[in-house]
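# Breakdown of the fold
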Amino acid sequence: MTPSPIGEDDLQAYIDGQIDGPRRAEVEAYLAASPQVAAQVAADLQHRAELRARLEAIAAEPVPARLRIAHLKAARRARTGGRLRAVAAGLALLTTGAAGGWMAGQAGIAAPVPGPALQVARDAAAAYRTFVVEVAHPVEVDTTREAHLLQWLSRRLGRPLSAPDLSAYGLRLMGGRLLPAEAGAAAQLMYDDASGRRITIYVEAGRGGETAFRYQQEGEAGTFAWIDRGFGFAVTGPGGRDTLLPIAEAVYRGFEAAPQEPGHRL
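Note that the structure is predicted; figures quoted are calculated from it, not measured.

A few words on the sheet that holds strand E7 (residues 231–238). Strands belonging to one sheet form pairs held by backbone hydrogen bonds; the direction of such a pair is parallel or antiparallel. If you walk across this open sheet you meet the seven strands as E1-E2-E3-E4-E7-E6-E5, and the pairing is antiparallel. Two strands in the sheet have a free side with no partner beyond their single neighbour: strand E1 (141–142) and strand E5 (212–218). Along the sheet, helix H7 (residues 241–256) contacts strand E4 (198–205), E5, strand E6 (221–228) and E7; its crossing angle with E6, the most-contacted strand, is approximately 30 degrees.

Next comes the structure, spelled out in structure tokens:
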């Protein structure tokens, strides 16, 4: 049986120490025959070792009172409540389509500039249309390697990325993929339900610091998009605004409550 080609996920698993057995031997053989790739992997391993060594001393120190879990949770709840109310208000006030405009006066929120959020919505919708119709390869990495998928995407995006739990809406994670983006990288997580309906979550790095919201409808698919803390987020799927809004709110809450270590299901 011919071994499958060595890809980025195999190399990252090798660096993370998450691959063994015959597949590890295949990766090592590939590296032995690919000096440039081997040099990059060696540099990544060295960087990982140096970072671990630097953090070991810090990890051994007692945790200051201001950084203890109870204190952090209380502070996070206070911040999250205000941010979630603002985002939920912004999402709820969005109108359908590109000509729908921006409404926030009733919630006391300044109307944001639509540009970055509109681009995120367009990028997310384009990625959705490309991959939602795939039968054999809807995702690049499936849930059999969910921890690796989330660690890989977190590393490429530069932020901890977890898979929001959407089981309350009958949706289960299928997997995800890495995508190119204007300012860096983007991640797409795909979910489906028992009927085969699929929705995607799109996260894009490098979208500036302003908060903005957007909803657009293209054909049967709608997209809620927002900019928050330098990242673009979007939820795309079939159905109208009322169908997607509760899912978008759940995704926002999931990312807001994401643990500091990537690779966890929320």
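Still more to cover.
On to helix H2 (residues 21–32), then. The first and last C-alpha atoms of H2 sit 17 Å apart over 12 residues, in line with the 16 Å expected at 1.5 Å per residue. Buried residues of H2: Arg23, Val27 and Leu31, and no others. Seen from one end, H2 has its buried residues packed into an arc of 80 degrees, which puts them on one side. Turned more than 90 degrees away from the buried face of H2, the exposed residues are Pro22 and Ala32.

The description of two helices packed together rests on the angle between their axes and the distance between the axes. Packing of helix H1 (residues 8–15) against H2 brings their axes to within 11 Å, and their N-to-C directions diverge by 105 degrees. As summarised for this structure, H1 and H2 are arranged roughly perpendicular, according to the angle between their axes. In contact with Asp10, Leu11 and Tyr14 of H1, H2 contributes Arg23, Arg24, Val27, Glu28, Tyr30 and Leu31. Broken down by class, the residue content of the contact of H1 with H2 amounts to five nonpolar, no polar and four charged.

Among the nonpolar cores identified, the biggest contains 35 residues, and Leu166, Leu189, Tyr191, Ile201 and Trp226 are the most heavily contacted of them. Among the secondary structure elements, those contributing two or more residues to this core are helix H6 (146–157), strand E2 (172–181), strand E3 (184–192), E4, E5, E6, E7 and H7. Beyond its immediate stretch of four places on either side in the chain, tyrosine 191 contacts Ala163, Pro164, Leu166, Leu171, Arg172, Leu173, Met174, Arg197, Arg198, Ile199 and Ile201. Within the second largest apolar cluster, 17 residues are counted, among which are Ala127, Ala186, Ala212 and Ile227.

Now for the environment of alanine 126. Position of alanine 126 among the secondary structure elements: in helix H5 (residues 115–131). Separated by 110 residues in the primary sequence, alanine 126 and threonine 236 have C-alpha atoms spaced 9.8 Å apart.

What counts and what doesn't
- Residues numbered from 1 in each chain as written.
- Predicted model: local features only at pLDDT ≥ 70, side-chain atom pairs only at ≥ 80, totals over all residues.
- Heavy atoms only, no water.
- Pairing = 2+ DSSP bridges.
- Helix = DSSP H or I, 4+ residues; strand = E, 2+ residues; numbered from the N terminus.
- Contact = heavy atoms within 4.5 Å.
- Axes fitted to C-alpha atoms, helices over the stretch in contact; angles between N-to-C directions.
- Expected span 1.5 Å × (residues − 1).
- Buried < 20%, exposed > 50% of the residue type's maximum accessible area, 1.4 Å probe, protein only.
- Arc of directions from axis to C-beta.
- Parallel < 35°, antiparallel > 145°, perpendicular 65-115°, else oblique.
- Nonpolar A, V, L, I, M, F, W, Y, C, P; charged D, E, K, R; others polar.
- Core = buried A, V, L, I, M, F, W, Y, C linked by side-chain atoms within 4.5 Å.

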